[in-house]
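# Descriptive structure summary
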Amino acid sequence: MSTMANRTETRAERGHRTIHAGGEWLAASSGATRDIIDPADARPFAVVAEGDEKDTDLAVAAARRAFDAGEWPHTPVAERAALLRRVADLLVRDREELGLLESRDAGKTVEEGRVDIDCVADAFRYFADLVAGEAPGRVVDAGSPDIHSVVVHEPVGVCAMITPWNYPLLQASWKITPALAAGNTFVIKPSEITPMTTIALIDLLVEAGLPTGVANIVTGPGHTVGARLAEHPDVDLVSFTGGLVSGTKVAQAAAVTVKKVALELGGKNPNVVFADACETEEGFDTAVDQALNAAFIHSGQVCSAGGRLIIEESVRERFVAELARRAAKIRLGRGTEDGVECGPLVSEQQRAKTEDYVASALAEGAVLRCGGKRPEPSPERPEGGYFYEPTVLDQCHREMRVVREEVFGPVLTVETFRTEDEAVALANDTEYGLAGAVWTADAGRARRVAGRLRHGTVWINDFHPYLPQAEWGGFGKSGVGRELGPAGLAEYRESKHVYQNLAPKPVRWFAG
């Protein structure tokens with residue numbers, strides 16, 4: 001039996017004690033619990049503690065003690081990097097079990113879950129390498145040999161992390177890895193509906209040797225745990241990934257104590273396809289295939305999902321017809337079943353929201369090309385599961401809700417353009433600005449359009465890849481700050497200027 005399996009048994013024995021504070025696994029102070037639902041069949045498969053403000057205060061106090069009086073902030077950089085690499089190795093060891101757990105938690109396919117674990121391990125290794133290779137400080141030329149002036153970077157302190165339900169472990173890692181690399185302590189609140197792999201990650205951090213109190217987790221809802229973390233006077237930074245409405249509340253609560261804030265609030269992401277990208281059969285096939293990937297990976301529950309297809313009018317009909325044909329053939333089912341290409345939505349609430357968007361689009365004049373309903377139950381699609389067919393809506397326009405607002409479901413809208421300027425205007429006509437793509441065979445046009453798009457990530461002739469060494473974040477209402485890359489590490493640091501006079505002498509400013 002694998003080590004992960006042994007730990008899984010330990011978690012089962014632990015039961016609802018899923019709050020980790022100061023090195024102990026605890027039940028909620030109120031005794032409340034929550035069932036964790038498998039979205040493929042709507043049945044509970046785990047029970048976790050339902051924490052509240054009291055539990056949050058306990059975890060923050062543990063993190064505060066570990067930062068103010070503990071060893072981690074002063075641990076040499078090489079040792080911090082070595083621990084991060086040990087965690088990466090443990091993630092590789094437990095890849096299959098964690099991938100399966102991510103599938104059951106969030107509904108995605110097991111293969112998607114495995115890819116997520118690989119990406120999490122990559123993030124741990126990247127930040128380990130980044131801090132290990134840094135100079136100890138930046139020397140500032142003060143214009144005198146008698147002055148030693150240097151800018152150093154120190155950890156922010158206690159970091160609060162609030163993560164979403166769509167990529168539970170990946171989003172947690174994007175916050176935890178730079179925070180630990182910089183020497184911080186933290187309290188993380190995973191989504192209350194998908195907390196299982198984040199709980200497992202805390203176990204791995206402990207196994208890797210992270211000192212007591214550095215890593216803390218409180219499982220519970222946003223209106224209690226999340227709200228308390230955002231306002232807590234002993235928290236120095238709050239990093240939130242989620243919806244715009246909740247993110248605004250986090251920023252408002254954090255403003256009272258003037259703590260650092262990082263927000264990743266989603267997007268409404270354009271996928272711009274020029275006719276010249278489709279002139280060859282290979283080009284056409286690739287663009288259609290990538291449009292499917294852009295919109296329907298993880299049932300569209302991706303902050304960077306390419307849910308807005310903006311296509312040159314001359315190729316619209318052929319492109320959309322083929323896109324709809326392929327979308328209708330996507331195999332829906334339980335993510336743990338072989339051959340399944342797309343899993344359920346994460347909850348009944350999310351499916352109902354998706355249905356509402358589709359209904360509003362049709363009422364506003366959109367044309368349904370495929371999908372638009374719940375599939376029939378089958379052996380691989382249990383009747384209680386939250387499944388919804390991949391949906392293509394043609395003849396959409398900017399005034400439609402489905403085009404303006406983030407759906408977070410398997411819905412692709414189609415808009416058309418005739419000129420390059422019109423394509424750019426449509427792509428930028430959003431209050432968000434997270435990601436977008438341009439497809440063209442013209443290298444000059446590709447660079448030109450990419451330069452004009454007001455989005456934090458722009459892909460040329462591709463969609464969805466990201467690199468841990470490249471910053472991730474958006475313009476506009478997509479958020480504040482960046483994750484990943486050097487800027488992602490900088491979010492978890494404070495800069496300090498240390499100015500040393502090597503030959504002090506009286507200034508004689510005052511005659512005295």
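Predicted model only: the values in this text are computed from it and were never measured.

Looking now at the overall build of the chain. Helix and strand content of the chain: 16 helices and 20 strands. Taken over the C-alpha atoms alone, the chain extends approximately 85 × 60 × 40 Å along its principal axes. Of the roughly 20900 Å² that the chain leaves accessible, carbon and sulfur atoms contribute 52%. Counting 55 positive and 74 negative side-chain charges, the chain places the averaged centre of each group 3 Å from the other.

For the rest of this paragraph, the subject is the confidence of the model for the chain. Summarising the model, the chain shows a mean pLDDT of 96, and 97% of its residues fall at 70 or more. Note on residues 1–5: pLDDT under 50 across the span, and 10 contacts to partners over four residues away in sequence or across chains.

This next bit is on the environment of Leu332. By the secondary structure assignment, Leu332 is in the loop between helix H11 (316–327) and helix H12 (348–363). Residues Leu332 and Leu170, 162 residues apart in the sequence, show an inter-C-alpha distance of 23 Å. Setting aside residues no more than four positions away along its own chain, Leu332 makes contact with Val340, Cys342, Pro375, Glu380, Arg381, Tyr388, Glu389 and Pro390.

Take the sheet that holds strand E16 (residues 411–417) next. Spatially, E14-E15-E16-E13-E12-E17-E18 is the arrangement adopted by the seven strands of the open sheet, whose pairing is mixed. The sheet is open, and its two edges are formed by strand E14 (367–370) and strand E18 (457–460), each paired on a single side. Averaged over all pairs of adjacent strands, the angle between strand axes in this sheet comes to 25°, irrespective of strand direction. As paired strands, strand E12 (residues 270–273) and strand E13 (residues 308–312) are joined by four bridges and run parallel to one another. Across the sheet, the residue bridging to Pro270 is Arg308, located in E13. H12 contacts E14, strand E15 (391–394) and E16 of the sheet and is inclined by roughly 25° relative to E15.

The rules behind each value
- The residue count restarts for each chain, going from 1 along the sequence in the order it is written.
- Where local features are concerned, this predicted model is filtered to residues with pLDDT of at least 70; where side-chain atom pairs are given and counted, the filter is 80 or more; whole-chain, interface and lining totals use all residues.
- Side-chain calculation: all heavy atoms of the structure are included, whereas hydrogens and water are not.
- Strands are runs of DSSP state E lasting at least 2 residues, helices are runs of H or I lasting at least 4, and numbering of each runs from the N terminus.
- The method behind every accessible area is Shrake-Rupley, applied with a 1.4 Å probe, and residues are considered shielded solely by the protein chains displayed.
- In summary, the charge assignment counts Lys and Arg as positive and Asp and Glu as negative, without counting His or the chain termini.
- Lys charges are placed at NZ, Arg charges at CZ, Asp charges at CG and Glu charges at CD.
- The quantity called pLDDT is the predictor's confidence in a given residue, expressed from 0 to 100.
- Contact definition: two residues touch when any of their heavy atoms are within 4.5 Å.
- DSSP-based pairing: two strands are paired if at least 2 bridges between them are found.
- A fitted line through C-alpha atoms represents every axis, and for helices the fit uses only the stretch in contact; the resulting angles, taken between N-to-C directions, go from 0 to 180 degrees.

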